[in-house]
Amino acid sequence: MAKYILKRALMAVGTTLVIIIILFFLLQLMPGSPFNNERLTETQLQVLYEKYGLDKPVPIQIVLYVKNMLTGNFGVSYNIQQNYPVASLLSTRFPITIRIGVQAFVVGVIFGLILGIIAALHHNGALDTGTTVFSMIGSSIPSYVVALGLVYFLAYKAGLFPLTYSSEHPFLSSILPTLALSIAPMAMTARFTRNEMIEVMDSDYIQLAETKGMPRWRVVGVHGLKNAMVPLVTVMGPMLMGMMTGSTVAEQIFSIPGIGSLFITAIETNDYNVVITLAFIFSAMYIVTLLVIDILYGLIDPRIRLAGGD
């Protein structure tokens, strides 16, 4: 197991370094300049380039860039908040986006698993049909449509929840964004769980366990669900990242001060440091998530661990 994890970890580190270098060259190819003030003279621009190390040779810039990114020194914001550290700019917004994304993921996966198991145990019945219809609708409707519907009916008409996000009531005002973002993962999890559970429950070892008199809950929860989890884990990683990095529209609808709205503002103002930093963080989060998935593969199915370690 140690060899398997070490191999995956080295691949993750190598991929991270490659991404950092690619982001550096993308930064060099970006049009325009981070200093958009037309009143700046050539001398003032030169002083700014020297201040931020943008006048150094490219090889030196690459080395400094990689070092800074790996140590969390993301530089300063050029335009959103001039000379304000990007790390400090993210520190107030990142936890909000992460919290709402994780909440939506947990709600979606838990209820999706329940619906998928119920549908598989009532194959070709009314519950199975209802879950299938819900999965199709939930996967087809964009999250912003769900968000607008929740805002109109539950916040505006019923007055049960705040219309926008409030730092004074963070939990209450995050319920609607969580529900809006959880529909898609709930539908996807329900569909995958149903299909895998139907196949697993028809296998020989499940039938053997049932003939031995093993309790139904143990057959389903221990033997059935465990073997159905491997393909489900495959989609859970990208699903989780989608909740945390793809909630830009939801943040706009609910006025959530998260990284999604910051990303849009940074692009609009050519604040390159913020754009590249967010791109790096998103990429690093994906890599860490995929690493965790690989480790979970090895824990769930020893055959994967043994094959990956050779």
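Just above, that's the structure.
All figures in this text were calculated on a predicted structure; none of them were measured in a lab. The numbers attached to residues start from 1 for each chain and follow its sequence in the written order. Side-chain atom pairs in this predicted model are given and counted only at pLDDT of 80 or more, local residue features only at pLDDT of at least 70, and totals for whole chains, interfaces and linings cover all residues. To get the side-chain values, take all heavy atoms of the structure and skip hydrogens and water.

**Thoughts on the side chain of Glu251**
Stage number 1. Tracing the sequence through the fold places Glu251 in helix H11 (residues 248–253).
Stage number 2. Classification of residues uses two cut-offs on accessible area relative to the type maximum, computed with a 1.4 Å probe and protein chains only: under 20% is buried, over 50% is exposed, and between them is partly exposed. In this charge count, Lys and Arg are treated as positive and Asp and Glu as negative; neither His nor the chain ends contribute. Each reported salt bridge corresponds to a side-chain nitrogen of Lys or Arg within 4 Å of a carboxyl oxygen of Asp or Glu. Summary of buried charges: Glu251 has no salt-bridge partner, and the nearest side chain of opposite charge, Arg93, is 6.2 Å away.
Stage number 3. Every residue pair with non-hydrogen atoms within 4.5 Å of one another is taken to be in contact. Sequence-distant contacts of Glu251, defined by excluding residues within four places in its chain, comprise Thr97, Ile256, Gly258, Ile259, Gly260 and Ser261. Only runs of H or I of at least four residues qualify as helices and only runs of E of at least two qualify as strands under DSSP, and these elements are numbered from the N terminus.

**As for unusual backbone geometry**
Stage number 1. Its identity as a non-glycine residue notwithstanding, Asn124 has a phi of 70°, on the positive side.
Stage number 2. With phi around 55°, Ser255 is a residue other than glycine that occupies positive phi space.
Stage number 3. In this fold, Ser255 is placed in the loop between H11 and helix H12 (259–268).
Stage number 4. Overall, Ser255 belongs to the partly exposed group, its relative accessible area being 45%.

**Some details on helix H1 (residues 2–29)**
Stage number 1. Multiplying one less than the number of residues by 1.5 Å gives the expected span of a helix. Taking 1.5 Å per residue, 28 residues should reach 40 Å; H1 reaches 41 Å between its end C-alpha atoms and fits that length.
Stage number 2. Every buried residue belonging to H1 is among Tyr4, Arg8, Ala12, Thr16, Ile20, Leu23, Phe24 and Leu27, and all of these are buried.

**Comments concerning the pattern of salt bridges**
Stage number 1. In this structure the tally under the stated criterion is 1 salt bridge.
Stage number 2. The partner of Asp128 in a salt bridge is Arg194, with the nearest N and O atoms 2.4 Å apart. Taken together, the residues Asp128 in helix H6 (residues 126–140) and Arg194 in helix H8 (residues 175–201) connect sequence positions 66 residues apart. Residue Asp128 shares its accessibility class with Arg194, and that shared class is buried.

**Thoughts on the environment of Pro170**
Stage number 1. The topology assignment puts Pro170 in the loop between helix H7 (143–157) and H8.
Stage number 2. Exposure remark for Pro170: the relative accessible area of 32% places this residue in the partly exposed category.
Stage number 3. Through-space distance from the C-alpha of Pro170 to that of Pro59 is 45 Å; in sequence the pair is 111 residues apart.
Stage number 4. Excluding anything up to four places from it in sequence, Pro170 contacts Arg99 and Tyr165.

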